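# Structural features, examined
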Amino acid sequence: DGSGSTPVATPRPETILGDTAVCVNPEDPRFTQYVGREVRVPGTDRTCKVIADDYVQMDFGTGALKVTPAHDVNDYEIGKRHSLPLINILNKDATMNSNAGKYEGLDRYECRTRLWADLEAEGLALKVEQHQQRVPRSQRSGEVIEPLVSTQWFCQMDGMAAKGLDAVRGGQTKIIPQRFEKVRQTKIIPQ
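Rules used throughout
Residues numbered from 1 in each chain as written. Predicted model: local features only at pLDDT ≥ 70, side-chain atom pairs only at ≥ 80, totals over all residues. Heavy atoms only, no water. Helix = DSSP H or I, 4+ residues; strand = E, 2+ residues; numbered from the N terminus. Rg over C-alpha atoms; globule rule 2.2 N^0.38 Å. Contact = heavy atoms within 4.5 Å. Pairing = 2+ DSSP bridges. Axes fitted to C-alpha atoms, helices over the stretch in contact; angles between N-to-C directions. Buried < 20%, exposed > 50% of the residue type's maximum accessible area, 1.4 Å probe, protein only. Arc of directions from axis to C-beta. Polar contact = N/O pair within 3.5 Å; in protein donor to acceptor, adjacent residues only side chain to side chain. Core = buried A, V, L, I, M, F, W, Y, C linked by side-chain atoms within 4.5 Å. 1 Å grid on protein atoms, 1.4 Å probe; cavity = no way out; pocket = protein on both sides within 12 Å on 5 of 7 lines; lining within 4 Å. Points joined across faces, edges and corners; volume = space filled by probe spheres on them. Nonpolar A, V, L, I, M, F, W, Y, C, P; charged D, E, K, R; others polar.

All right, on to the overall build of the chain then. In terms of helices and strands, the chain carries four helices and four strands. Along the chain, helices (α) and strands (β) appear in the sequence β-β-β-β-α-α-α-α when read from the amino end. In terms of overall size, the chain is more extended than a compact globule, its C-alpha atoms giving a radius of gyration of 22 Å where 191 residues would be expected to give roughly 16 Å. Reported as C-alpha extents along the three principal axes, the dimensions of the chain are approximately 75 × 35 × 30 Å. For the chain, contacts bridging at least 24 residues in sequence account for 59% of all contacts bridging at least 6.

Here it is in structure tokens:
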């Protein structure tokens, strides 16, 4: 109804575009009056509900957590508990997809910069603070790994593993360098 605001903090402002809730601790008196109400998701034409969950630490950040279930492991778990929708905002190449609205096609970092500038222009950006966090990176390329909900396939591999192991033992398949042959065998022998 426009009668207040709920400040949130994030090291990844571009993920605001995929938010499906704002979560507060059910014991936090600063926010209890907002639980169940709708808030506007900045940068979008959507609103989302304010929900209560014990996961939120009252003394961390603003005490209100933006929830992006499609792009954060912990938010995904909150989303499952509260039946929140998943809004994927990223393509696999880390550009923004059509769910990002006017930011579609931008690289995530360019989106971050532009969205922050838009938030500042609307008077919604409160401040910038340095915050140290662990960012997952690819072991090979060093690129940031963006959490992304995707379909996972699980297959029964015992038969195929045995055939592969037999091929190595019989000389039809060669492991290079040879020192990895033992490592490969220990990984595919059923325990």
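Moving on: the pairing of strand β3 (residues 47-52). Two elements, strand β1 (residues 21-24) and β3, share four bridges in a ladder whose sense is parallel. Within β3, the residue paired with Cys 23 across the bridge is Ile 51. Judged from the three bridges that link them, strand β2 (residues 38-40) and β3 form a sheet pairing that is antiparallel. Residue Val 39 lies in a different strand from β3, and its bridge partner there is Cys 48. As consecutive antiparallel partners, β2 and β3 are separated by six residues, and within that stretch Gly 43 has a phi angle of approximately 80°, a positive value.

Here the focus is the sheet that holds β2. If you trace the four strands from one edge of the open sheet to the other, you get β2-β3-β1-β4, paired in mixed fashion. One side of each edge strand has no neighbouring strand; the edge strands of this open sheet are β2 and β4 (64-67). Geometrically, the sheet is characterised by an average inter-axis angle of 35° between neighbouring strands, direction not taken into account. Taken strand by strand, helix α1 (residues 73-81) contacts β1, β3 and β4, and its axis lies near 90° from that of β4.

Among the residues making up α1, those that are buried are Asp 75, Ile 78 and Gly 79. Down the axis of α1, the buried side of the element spans an arc of 100°, and every buried residue falls inside it. Across from the buried face of α1, at angles greater than 90 degrees, the exposed residues are Val 73 and Lys 80. Against the buried residues of α1 lie β1, β3 and β4. Two to three positions downstream of the cap, the backbone nitrogen of Asn 74 sits 2.9 Å from a side-chain oxygen, assigning the N-cap of α1 to Asp 72.

We now examine the nonpolar core. Counting residues in each nonpolar core, the largest one holds 21 residues, and the members touching the most others are Leu 17, Met 96 and Tyr 103. Elements that contribute at least two residues to this core include exactly β1, β3 and α2 (108-121). Contacts of Met 96, omitting those with residues within four sequence positions, involve Glu 14, Leu 17, Ile 89, Leu 90, Asn 91, Tyr 103, Glu 104, Gly 105, Leu 106, Arg 108 and Cys 111. Core analysis: the next-biggest nonpolar cluster, separate from the first, contains seven residues, Ala 21, Cys 23, Ile 51 and Ile 78 among them.

A few words on the layout of surface pockets. For the second largest pocket, the calculated volume is near 150 Å³. Every residue lining the second largest pocket is listed: Pro 69, Ala 70, His 71, Asp 72, Val 73, Tyr 76, Glu 77, Pro 147, Leu 148, Val 149 and Ser 150. Across the lining of the second largest pocket, the residue classes break down as seven nonpolar, two polar and two charged.

Here the focus is the side chain of Arg 12. When you line up the elements, Arg 12 lands in the segment before β1. For Arg 12, the side chain forms a polar contact with the side chain of Glu 146, separated by 2.7 Å.

To continue, consider the side chain of Glu 14. Among the structural elements, Glu 14 can be located in the segment before β1. Apart from the residues within four sequence positions on either side, Glu 14 is in contact with Ile 89, Met 96, Arg 108, Cys 111, Arg 112 and Leu 115.

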